[in-house]
Amino acid sequence: MSEQTRPVPKPDRDSAYYWAAARRRELVFQQCNECGQFRFYPRSVCPFCLSEKFEWHKSLGRGAVYSFTVIHRAPTPAFRDRVPYVLALIDLPEGVRMMSNVIGCDPGSVQIGMPVTVDFEEVSDEISLPVFRPE
Ligand SMILES: [Zn+2]
């Protein structure tokens, strides 16, 4: 992969449904049919009880910043035009925590506990990345 190209997720058997939903601007999580726990990232086996039975649930996509950092130095040239940007851990009411970006605001204004809502950034013909904006 060229360093000039932003890395893009490659859907696999476990994540294909997740990425197809994101393309439709829907944030979905797997919920275990045995223990009821939600999980992220997508995988075939529940990390809590090892069950392979699950269903997909659409999230409202409203959460809160658990933690964050502001990236000032691009990790590769592909990110040069994005700095400074916010890399954050977002807690969602389903009980999952996901790494994403907080966009649409001054990076200096982001705070722990800040309410955010999901948005989707189209990064290729197939992939839309879930990102979050301040509510
Ligand atoms: Zn389970």
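Residues numbered from 1 in each chain as written. Predicted model: local features only at pLDDT ≥ 70, side-chain atom pairs only at ≥ 80, totals over all residues. Heavy atoms only, no water.

1. Examining helix α1 (residues 16-23)
Owing to its 3.6 residues per turn, the α-helix aligns residues three or four sequence positions apart on the same side.
Phase 1 of the analysis: Among the residues making up α1, those that are buried are Tyr18, Trp19, Ala21 and Ala22. When α1 is viewed along its axis, its buried side chains cluster within an angular range of 160° and face the same direction.
Phase 2 of the analysis: Here the buried face of α1 lies against β1 (28-32), β3 (54-58), β6 (97-102), β7 (115-122) and β8 (128-134).
Phase 3 of the analysis: A positive phi of about 65° marks Arg25, the residue just after α1. (Buried < 20%, exposed > 50% of the residue type's maximum accessible area, 1.4 Å probe, protein only. Helix = DSSP H or I, 4+ residues; strand = E, 2+ residues; numbered from the N terminus. Arc of directions from axis to C-beta. Contact = heavy atoms within 4.5 Å.)

2. Notes on the side chain of Ser59
Phase 1 of the analysis: By the secondary structure assignment, Ser59 is in the loop between β3 and β4 (62-71).
Phase 2 of the analysis: Side-chain polar atoms of Ser59 contact the backbone nitrogen of Gly61, separated by 2.9 Å.
Phase 3 of the analysis: A polar contact is formed between the side chain of Ser59 and the side chain of Glu94, at a distance of 2.9 Å.
Phase 4 of the analysis: With near-sequence residues (within four places) excluded, Ser59 lies in contact with Leu27, Val28, Phe29, Leu92 and Glu94. (Polar contact = N/O pair within 3.5 Å; in protein donor to acceptor, adjacent residues only side chain to side chain.)

3. Digging into the coordination of the zinc ion
Geometry sets the ideal angles at a metal, namely 109.5 degrees for four tetrahedral donors and 90 or 180 degrees for six octahedral donors.
Phase 1 of the analysis: Taken together, the protein donors to the zinc ion comprise Cys32 (SG), Cys35 (SG), Cys46 (SG) and Cys49 (SG), at separations of 2.3 to 2.4 Å.
Phase 2 of the analysis: Viewed at the metal, the four donor atoms of the zinc ion are separated by angles of 102 to 117°, and the geometry they form is tetrahedral.
Phase 3 of the analysis: Each donor residue of the zinc ion belongs to the same chain, and together they define the spacing C-x2-C-x10-C-x2-C.
Phase 4 of the analysis: Taking the relative accessible area as the measure of exposure, Cys35 reaches 36% and is therefore partly exposed. (Donors = N, O, S within 2.8 Å, 3.2 Å for Na, K, Ca; no water. Tetrahedral: all angles 85-135°; square planar, octahedral: opposite > 155°, others 65-115°.)

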